[in-house]
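So you can see what is in the structure, the chains are spelled out below.
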Amino acid sequence: MFDQGPHVVLRRDGVCVVLKTPENEMPQVEYWGRDFGISCDEAGLAQLDAMTLKVTPPREKPDAALRPSLLPQGAEAFAGRPGLEAYRGVKPVFARWTKVETSVTHEDADGFGTSIAIAAEDAVNGIRLELTLALQHGGLILITQTITNTVDAAEPLTVNWLESTLPMPKRVDTLTQFTGRWPLEKQPRTAALPSGSVTRECRHGKTSHESPWMFIATNGQPKWSEGEVWACHLAWSGNQTYRIDNLPCHEPLIGAGELLGPGEIQLDGGESYTTPQVCFSYSAEGLDGMAERFHTWLRGTPGRVDPAAKPRPFTLNTWEAVYFDHDEATLKKLADRAAQVGVERFVLDDGWFHLRRDDTKGLGDWVVDPAVWPNGLDGLAEHVHRLGMEFGLWFEPEMVNLDSDCAREHPDWILAAPEAVPYREDVSYRTQYVLDLANPDAYRHVHDQMAALVGGLGVDYIKWDHNRDVTEPVHDGHYGLHEQTLACYRLFDDLKREFTGLEIESCSSGGARTDAGILQHADRIWGSDSNDPRDRVDIQRYTELVVPPEMIGAHVGPSPAHSTWRATDLSYRAAISLEGCSGFEWNILECSDEELASLKAFVALYKELRGLLHTGRVQHADFIDPALRGRGVVSADGTHAVWVVATTTNLRDVLAERLRVRGLDPNRTYRVRLRDEVGEPRWGWNTPQWIAAARNGGFETTGSLLEQIGLQVPPLWPMQAVILEFEAL
């Protein structure tokens, strides 16, 4: 019965989860939120039951479940979207657990666990479910489920969906989600929490520019620095479903799961399907606290590069410098110029391989084109390495052009139904198709050609692109996106395992594949194809709700920007680039001596500050003026911080707001410096008094005053930024 059975209390890094575990029933979450010191004593937890149950059992019996379980089902009298939908033949499968076992992992001796594993058997329908709910370092919750067909029946077990949910308090009334386009990703949409069982799906075959990306629930409008947040993110690079169940009889549920295609998961006896991880982040400190849990977890995942051990290189990528116009002599000159200004990684983008003079040919043939590179890429790679830089190379391993040797020789390797090739003439699909990496021969072809180049040239870095949607992905006659996504992950891992030190960036027409699934295989993502800092300042601040800044490529391009044709000062472009992993997307051979001096100063500033920028805690200011952006990074010990305060348009008022700097030691004195090495920011005729000292050795004040009162922001002109450094004395 729902009201019976012992409790399990999980606790870690400021987050607490309390579960009720009735005998042979799926456990329910009674509480998920701030760790306020709740006891694991059953007598005390009985009080929690009494305070939260909506009826008095056993005399009163509700018409709906007392609480939805971790896998809410109609059999529990739950009328929302079920956690599992499955069938055999034409017969629906409604899970009724005949045996449920739980085990708790404890990391210390205080009696509190950090994870719970649940094994549930349904002897009637012949299914087994294994569910793990684990609190990670930093307090992020990960839920993973595996369903197994335990019987050999005439009909396989077909799984339509298997999703994970957690409950939120009734006071939650606002939902923030995302949309976007190329090249304007991560655009938030905040509205009232919808009533009923509501889903939002993404069917692009990848995370996509317009993905929901996250569901963020709050009481009122979300803030960066304060307020409670309950958030959900699917760590998966294929199709997605996000869900809210806001029903009159229950606390609201928030959750997500893989959006499976028709008949995609059909399990014969003994076969299993494992869901992607679903991430849940609670914060009592606004969006910044929510994001910190993601950052802590991702920074600690296996295989991640520690930026303290290997600082994130300053990169030059050649795409906006030369596009498809490859010339060895010119590119060597570009590498020389890059090394002169301090660049540490030189990446040759699209255009180097067989037939690749434009975007209509060559994908799938990962061999150097002798027509453009008669001496191969060896000379350029050696030249870059002699200059002391890493050498990077662009690939699009999951794609193929029909005008390629690969497609001509192996048309059956295309991930599509035969009747879908060629596609309709009035749609471009970027003139490319998806290569079926779940086909072992296609996988081997791509892997071997890439490995030959990585090993032969000493490639240090791969820019891995993915430029079209995956529609109608037919593999061996059935829907194959799940297998395709796993094969992509496997190719990342195989290459990195074979070539020690190789790093891979995930790009997808910019920021269309930036989820926590790909980030467990890639070393960084490309935030957007827009290098316009006006757009980038918002794209980056919402991308880093999940992604740590050192894993977000954020380059400085020319002015005007190639994506918007908007002109901006170099000082503004550089300041916004500092908020990620900096680099150039620019033909710097065209720069003047004055510009080159500024670029060299910017690279030096990045190298000086990156030890903090790529390891500290990210914070944002809750400015009221819609034109202002404030974003900072503070060290773990509170002795060092860097903030960028920027405008996107005209300030609303004559008197701007003050920047309050959180996370410093209130009892220490700090030196505040305005870092204007890349160029002086511009503002109106009034200058706050503290700035003169900040420009000449430093303005000194206490951490307490900086947090409680704050610094008066100067009346910045549109699209200007100040870089402020705070150091404890």
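See above for the structure.
Analysis parameters
Residues numbered from 1 in each chain as written. Predicted model: local features only at pLDDT ≥ 70, side-chain atom pairs only at ≥ 80, totals over all residues. Heavy atoms only, no water. Helix = DSSP H or I, 4+ residues; strand = E, 2+ residues; numbered from the N terminus. Rg over C-alpha atoms; globule rule 2.2 N^0.38 Å. Buried < 20%, exposed > 50% of the residue type's maximum accessible area, 1.4 Å probe, protein only. Contact = heavy atoms within 4.5 Å. Phe/Tyr/Trp six-rings, centres within 6.5 Å; stacked < 30°, edge-to-face > 60°. Pairing = 2+ DSSP bridges. Axes fitted to C-alpha atoms, helices over the stretch in contact; angles between N-to-C directions. Salt bridge = Lys/Arg side-chain N within 4 Å of Asp/Glu carboxyl O. Parallel < 35°, antiparallel > 145°, perpendicular 65-115°, else oblique. Nonpolar A, V, L, I, M, F, W, Y, C, P; charged D, E, K, R; others polar.

*Asks:* For the overall build of the protein, give the residues involved together with the corresponding values.
*Replies:* When its secondary structure is counted, the protein shows 13 helices and 41 strands. At 27 Å, the protein has a C-alpha radius of gyration in line with the 27 Å of a compact globule built from 729 residues. When its C-alpha atoms are laid out on the principal axes, the protein stretches across 85 × 70 × 45 Å. Burial status across the protein gives 60% buried among its 729 residues. Pairs at least 24 apart in sequence give 71% of the contacts found in the protein among residues at least 6 apart.

*Asks:* Before we move on, could you go through the side chain of threonine 301 and cite the residues and values that matter?
*Replies:* Relative to the assigned elements, threonine 301 resides in the loop between α2 (286–299) and β22 (315–317). In this structure threonine 301 comes out as buried when scored by relative accessible area, which is 9%.

*Asks:* Can you lay out the environment of valine 645 for me, pointing to particular residues and giving the numbers?
*Replies:* By the secondary structure assignment, valine 645 is in strand β36 (residues 640–647). For the pair valine 645 and asparagine 667, spaced 22 residues apart in sequence, the C-alpha separation works out to 25 Å. Non-local contacts of valine 645, meaning those with residues more than four positions away in its chain, are made with Phe623, Leu628, Arg629, Gly630, Leu659, Val713, Leu716, Gln720, Ala721 and Val722.

*Asks:* With reference to specific residues and values, describe the packing of aromatic side chains.
*Replies:* Across all of its chains, the model carries 25 aromatic pairs by this definition. Between phenylalanine 178 and tryptophan 213, the ring centres sit 5.8 Å apart and the planes meet at 90 degrees, which makes this aromatic pair edge-to-face. Of the two residues, phenylalanine 178 sits in strand β12 (residues 174–181) while tryptophan 213 sits in the loop between β14 (196–202) and β15 (215–218), which places them 35 residues apart along the sequence. The pair formed by phenylalanine 178 and tryptophan 213 is uniform in burial state, with each residue classed as buried.

*Asks:* Account for the sheet that holds strand β39 (residues 699–702), with residues named and values stated.
*Replies:* Taken together, the 6 strands give an open sheet; going across it, the order is β34-β35-β36-β41-β38-β39, and neighbouring strands pair in antiparallel fashion. Each edge of the open sheet carries a strand with a single partner, namely β34 (617–620) and β39. Between one strand axis and the next, the sheet turns by 25 degrees as a mean value, whatever way the strands run. Sheet topology places strand β35 (residues 628–634) next to β36; 7 bridges connect them, and they run antiparallel. Bridging from a neighbouring strand, glycine 632 pairs with tryptophan 643 of β36. Lying on the sheet, helix α10 (residues 570–577) is in contact with β36 and β41 (721–728); it crosses β36 at an angle near 130 degrees.

*Asks:* Let's hear about the pairing of β15: which residues, and what values?
*Replies:* Of the two faces of β15, the one lined by Phe215 and Ala217 and the one lined by Ile216 and Thr218 are each fully buried. The sheet contact formed by β12 and β15 spans 3 bridges and is antiparallel. Directly across from threonine 174, in β15, lies its bridge partner threonine 218. In this sheet, strand β16 (residues 229–235) lies alongside β15 in antiparallel orientation, the contact comprising 4 bridges. Note on β16: the bridge partner recorded for threonine 218 is valine 229.

*Asks:* Please set out the pattern of salt bridges residue by residue, giving values where relevant.
*Replies:* Any two side chains of opposite charge can pair if their charged atoms end up close together. Counted by the stated rule, this structure contains 51 salt bridges. In this structure, glutamate 390 engages lysine 310 in a salt bridge whose closest nitrogen and oxygen atoms are separated by 2.8 Å. Here the residue glutamate 390 occupies a position in strand β24 (residues 390–395), and lysine 310 occupies one in the loop between α2 and β22, the gap between them amounting to 80 residues. What makes glutamate 390 buried here is its relative accessible area of 17%. The exposure class of lysine 310 is partly exposed, given its relative accessible area of 28%. Put simply, aspartate 653 and arginine 652 hold a salt bridge, and the shortest N to O gap is 3.8 Å.

*Asks:* Account for the sheet that holds strand β19 (residues 265–267), naming residues and giving values.
*Replies:* The strand order across the open sheet formed by 4 strands is β5-β4-β10-β19, and the pairing between neighbours is antiparallel. A strand with exactly one partner marks an edge of an open sheet, and here the two such strands are β5 (91–93) and β19. Direction aside, the axes of adjacent strands within the sheet are offset by 30 degrees on average.

*Asks:* Can you tell me about the packing of helix α4 (residues 328–341) against helix α11 (residues 593–613), naming the residues and giving the values?
*Replies:* Where α4 meets α11, the closest approach of the two axes is 8 Å, and the angle between their N-to-C directions is 60 degrees. Taken together, the axis directions place α4 and α11 in an arrangement best described as oblique. Contact residues: α4 offers Arg337, Gln340 and Val341, while α11 offers Leu596, Leu599, Lys600 and Val603. Its residues placed into classes, the contact of α4 with α11 shows 4 nonpolar, 1 polar and 2 charged.

Function-wise, these values are silent; they only describe arrangement.
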